[in-house]
Each structure stands twice: as structure tokens, then as C-alpha cells.
Amino acid sequence: MGLVTLTEILKESVEKKYAVGAFDTLDDNFTEAIVAAAEEEGLPVILMVPNFFADDRDERQMSFYFNRLLDRCQRATVPVCLHLDHGNSFACCVKAIHGGCTSIMFDGSALPGEENMAITKELVKIAHSCGVSVEAEIGHVGSPEGGELEASDVDTSKYTKPEDAKRFVEETGVDALAVAVGTVHGLFKGTPKIDTERLDQIRELVKIPLVLHGGSGLPESEFRAAIEHGINKINFFTGLSLAASGAIDAKLKEFNGKIHYIELINAAHEACKAALSKRRASSPVSSPLIRSRYS
């Protein structure tokens, strides 16, 4: 089936109230684990590269890795959207479009609102002319990737305002919108709580797919609430990363550090797939890999 756009994967998600999982990959092993899990289930998946085309990247190494990534996506037996996650500049997003991404996210959430809107609008024109989807963000999801945030430190003033979301979508023509409604990137001390009332208001005003960043750490009830109240794409990385590193740590302890490298890689690979399977088994709506539906 190979590569498709974000718009194609999410085309019925608002009407039929489902969410599709989006997972960051950092190397070939993560890529294989995520795509293989999707293939085993026979379901589409959104594979994300986090700010992959940033200006400080080694162009030669980036090219080697990205060519392998594209090849794996094209050989997939299920639809795969290759998505730039948190593109932090205009140039980065344009590089991703030319590089082969079928979807990009421009993260201008830290910029003044008018500047975020202007850059996003220009990127939408370029991306759409190339058949590429665009996700953007307003409001601000707290904590850097891999960081840890106390519940008391969450800044609710940075949550997405419904009327701002409506205007942003109308002005830019963006295909999906990431909103800040209570989750954080990385780890969260305590239990994240989705502001479902705010999410309902945004859903009422915005007719395109809505995106939830910071899916790791959400309890089952909050996954359910997010999708019931309008979320259509759920980003999930920290949970998979910790599962992989935990498996490596366990293997090192089991063999007192005397273990071949490939066995550690295999353990990490299986742990990533198991983390997805565990979520599927615990609840029919808990895994962001499957298309979780509500009627």
C-alpha cells in the first residue's frame, strides 16, 4: 500500500469519531517495530520523524537514514503516512516536503498568533501544491520531549482558545490542528486530565481533524474521553521509548552486561511491539494504533 497523506488516513475520522495513532521514530529499529506492528494488525499508521530536517542536522547522514525510511514505508503492506513532527521553521518544513514526507507539522505555537498563522498559511500553499498535508498547532502543549512536569506546573492559560482555533483554520486552510487541552510532552507527575469542555467547544467550531500531542501517560479513561470529545490523531512516543530502554536494561541485568548488541536491539524491538499489543488488549479503545471508534 505504501505512502499516503495525513488527509487520506483521517478522511472519515471526524464524521465517524475515530483516532489514528502517530508514533515518532528515531532509527531503523523503531521504524521497523512500528510498521511491523501496523502490518500485523492490518491497519494504517502515522510514522513521524521529529524535526528531522532541522538546520543543525548532518545532511549526509540524514539522507542515508531518510532513504531507508522512505523505502520501508513504500514496502509496507498497510497505508503509512510519513509525517514531520514539530517542524520548527519554514525552511525545515519545505525540506521535509521535498524530502518525501507526505505530511508536515509546522509548530509555531510559541510564536505570536499572527506570525504563526502567516507562516502556516504560506506552508499550506506550498504543501498542497505538492500533494502534502499540513498540521499546525495553536495553544501550547507543555514540557519538552523527554522532560517531566508536575501537575501543578501546567499553564492552563496556554490552552487552545476555541475562537482562536476557528479563525486559525479558516485563515490558513490547514488540514489538521493540534490543540492544547491538558496533556504534556514527555513524562507527567500525576494524572493528566483532558479539558473535555474546552475540547467540545473546539470540536463544535472546527470541522477538520484534531490532534492530541503528549499521548504517553494518559490513563484509559482519558484516551476514551479525548476521542469521544473530538480527537482524531494521537501522538505517542515516550511510552514506546521507555518500553524499549526498559527491555534493554532488563537484558543487561539478566546477563550481567555480557550480551551481544543484536540481542539488545531485538529485545527493544519486541518491547515496542508488546507495548502496543498491551494497550490493544487492555481495552478496545485504548490503543492509539487502532482506529478507535465511537458511535
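This text follows the structure it describes.
Reference entry: report on the structure contained in this document. Here the structure is a predicted model, which means the values were calculated and not measured. (Residues numbered from 1 in each chain as written. Predicted model: local features only at pLDDT ≥ 70, side-chain atom pairs only at ≥ 80, totals over all residues. Heavy atoms only, no water.)

### Considerations on the packing of aromatic side chains
- Within the structure shown, the criterion is met by two aromatic pairs.
- For the pair F23 and F236, a centre-to-centre distance of 6.2 Å together with 75° between the ring planes defines the contact as edge-to-face. Pair noted here: F23 is in strand β2 (residues 18-24) and F236 is in strand β11 (residues 231-236), with a separation of 213 residues, a long-range link. A single burial state applies to F23 and to F236, both of which are buried.
- With 6.0 Å between their ring centres and 45° between their planes, F30 and F237 make a pair best called tilted. Here F30 is found in helix α3 (residues 28-41), whereas its partner F237 is found in the loop between β11 and α10 (238-254), with 207 residues between them in sequence. Each of the two residues, F30 as well as F237, counts as buried. (Phe/Tyr/Trp six-rings, centres within 6.5 Å; stacked < 30°, edge-to-face > 60°. Helix = DSSP H or I, 4+ residues; strand = E, 2+ residues; numbered from the N terminus. Buried < 20%, exposed > 50% of the residue type's maximum accessible area, 1.4 Å probe, protein only.)

### Considering helix α4 (residues 59-75)
- The terminal C-alpha atoms of α4, which comprises 17 residues, lie 24 Å apart, in line with the 24 Å expected from a rise of 1.5 Å per residue.
- Structurally, α4 contributes buried residues whose contacts are with β1 (2-3), α3, β3 (45-50), β4 (79-87) and α5 (90-99). (Expected span 1.5 Å × (residues − 1). Contact = heavy atoms within 4.5 Å.)

### What to know about the packing of α3 against α4
- At their nearest, the axes of α3 and α4 sit 11 Å apart, and the two run at 10° to each other. The angle between α3 and α4 places the two elements in the roughly parallel class. Taking contact as the criterion, the partners of D28, T31, E32, V35, A36 and E39 in α3 are, on α4, Y65, R68, L69, R72 and R75.
- Along the lines of polarity and charge, the residues of the contact of α3 with α4 split into four nonpolar, one polar and six charged. (Axes fitted to C-alpha atoms, helices over the stretch in contact; angles between N-to-C directions. Parallel < 35°, antiparallel > 145°, perpendicular 65-115°, else oblique. Nonpolar A, V, L, I, M, F, W, Y, C, P; charged D, E, K, R; others polar.)

### Observations regarding the pairing of strand β5 (residues 103-106)
- Side chains of β5 alternate between two faces, with S103 and M105 and I104 and F106 buried alike.
- A crossover links β4 with its parallel partner β5, the connecting element being α5, and its sense is right-handed.
- Strand direction decides the pairing type here: β5 and strand β6 (residues 133-138), joined by four bridges, are parallel. From the neighbouring strand, M105 faces β6, where its bridge partner is E135. (Right-handed = clockwise from strand over helix to strand, strands pointing away. Pairing = 2+ DSSP bridges.)

### Some points on the nonpolar core
- Among the nonpolar cores identified, the biggest contains 66 residues, and F53, F66, L82, L84, C101, I104 and L177 are the most heavily contacted of them.
- Here this core gets six residues from one element, more than from any other, and that element is α4.
- Beyond its immediate stretch of four places on either side in the chain, F53 contacts M62, F66, L84, C92, K95, A96, G99 and C101. (Core = buried A, V, L, I, M, F, W, Y, C linked by side-chain atoms within 4.5 Å.)

### Overview of the pairing of β4
- Most of β4 sits out of view: eight of its nine residues are buried.
- Bridging between β1 and β4 involves two bridges; their strand directions are parallel. Looking at the pairing, G2 lines up with P79 of β4.
- Looking at chain direction, β3 and β4 are connected through six bridges and run parallel.

### So, the state of the cysteines
- One pass over the structure, following the stated rule, counts zero disulfides.
- Take C101: it sits in no disulfide, and the sulfur closest to it among the cysteines is that of C81, at 8.4 Å.
- Its relative accessible area of 3% is what places C101 among the buried residues. (Disulfide = S-S within 2.5 Å.)

### Here we look at the pattern of salt bridges
- Overall, the coordinates contain twelve salt bridges when judged by the stated rule.
- One salt bridge connects E32 with R72, and the closest N-O pair in it is separated by 2.6 Å. Taken as a pair, E32 in helix α3 and R72 in helix α4 lie far apart in primary sequence, 40 residues in all.
- Residue D195 pairs with R198 through a salt bridge whose shortest N-O separation is 3.1 Å.
- A relative accessible area of 23% places D195 in the partly exposed class.
- Three or more residues are tied together by salt bridges with common partners; here these are E32, E39 and R72. (Salt bridge = Lys/Arg side-chain N within 4 Å of Asp/Glu carboxyl O.)

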